[in-house]
Amino acid sequence: CGANYEGKVLEAEVEYTYNSNSFDIYKFVPEESSLYNFKSTNHTNNPIMFLCDENGLFIINFDDLGTDWDFNGNYMLVAGRTYYLLLLDYGDEPFYNFTVKCLNRTLGDVNNDGEVDNLDASAILKYDAGITDFEDDVFEIADLNMDGYIDNLDAALALKYDAGILDWDDLI
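Residues numbered from 1 in each chain as written. Predicted model: local features only at pLDDT ≥ 70, side-chain atom pairs only at ≥ 80, totals over all residues. Heavy atoms only, no water.

**A few points about the environment of Ser40**
Step number 1: Position of Ser40 among the secondary structure elements: in strand β4 (residues 34–40).
Step number 2: As for Ser40 and Thr99, which are separated by 59 residues in sequence, their C-alpha atoms are 6.4 Å apart. (Helix = DSSP H or I, 4+ residues; strand = E, 2+ residues; numbered from the N terminus.)

**Here's the deal with helix α3 (residues 152–162)**
Step number 1: Residues of α3 that are buried include every one of Asp154, Ala155, Leu157 and Ala158, and no others. Taken end-on, α3 shows its buried residues confined to a sector of 160°, consistent with a single buried face.
Step number 2: Regarding α3, its N-cap is Asp151, as a side-chain oxygen of that residue lies 3.1 Å from the backbone nitrogen of Leu153 further along.
Step number 3: Directly beyond the C-terminal end of α3, a positive phi value near 85° is found at Gly164. (Buried < 20%, exposed > 50% of the residue type's maximum accessible area, 1.4 Å probe, protein only. Arc of directions from axis to C-beta. Polar contact = N/O pair within 3.5 Å; in protein donor to acceptor, adjacent residues only side chain to side chain.)

**A short note on the pairing of strand β6 (residues 58–62)**
Step number 1: In terms of strand pairing, strand β5 (residues 48–52) meets β6 through four bridges, oriented antiparallel. Residue pairing for β6: Leu51 is matched across the bridge by Ile60. (Pairing = 2+ DSSP bridges.)

Shown next as structure tokens:
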């Protein structure tokens, strides 16, 4: 995967203040559709990251809730779309040491065989029925409609994609 970033190297760095909190904003355009990991390291001021779409609308935030003072989370991004990372650090001197890494995983490819097919739909249905469990990194991949649940609706989307009825651009 391309478009891996470390530190303050993202395009169009600006500062934004909201409710007396200062945000650094970074523009991010992934080169590939995949699951991406957002992680900060070595912080003392408890940073939080907000991911927004090209219109500035909130998508998700990553915060450790003060456990180790770093954020770490995964989210599926679409190639060529513009995203904005808003970083907030509660310290007097914001210091962001963060990475954005492509994890080379495709939405819906639950078994990681490179295809989204009936095998993935079957795995999703088994999970929904309580027959099997998923590793932590599979939840974002199995939640095809990104509603926060892994259920028969996600399995149906995998089958529609496999049959050629659905394009990922229609989904995400």
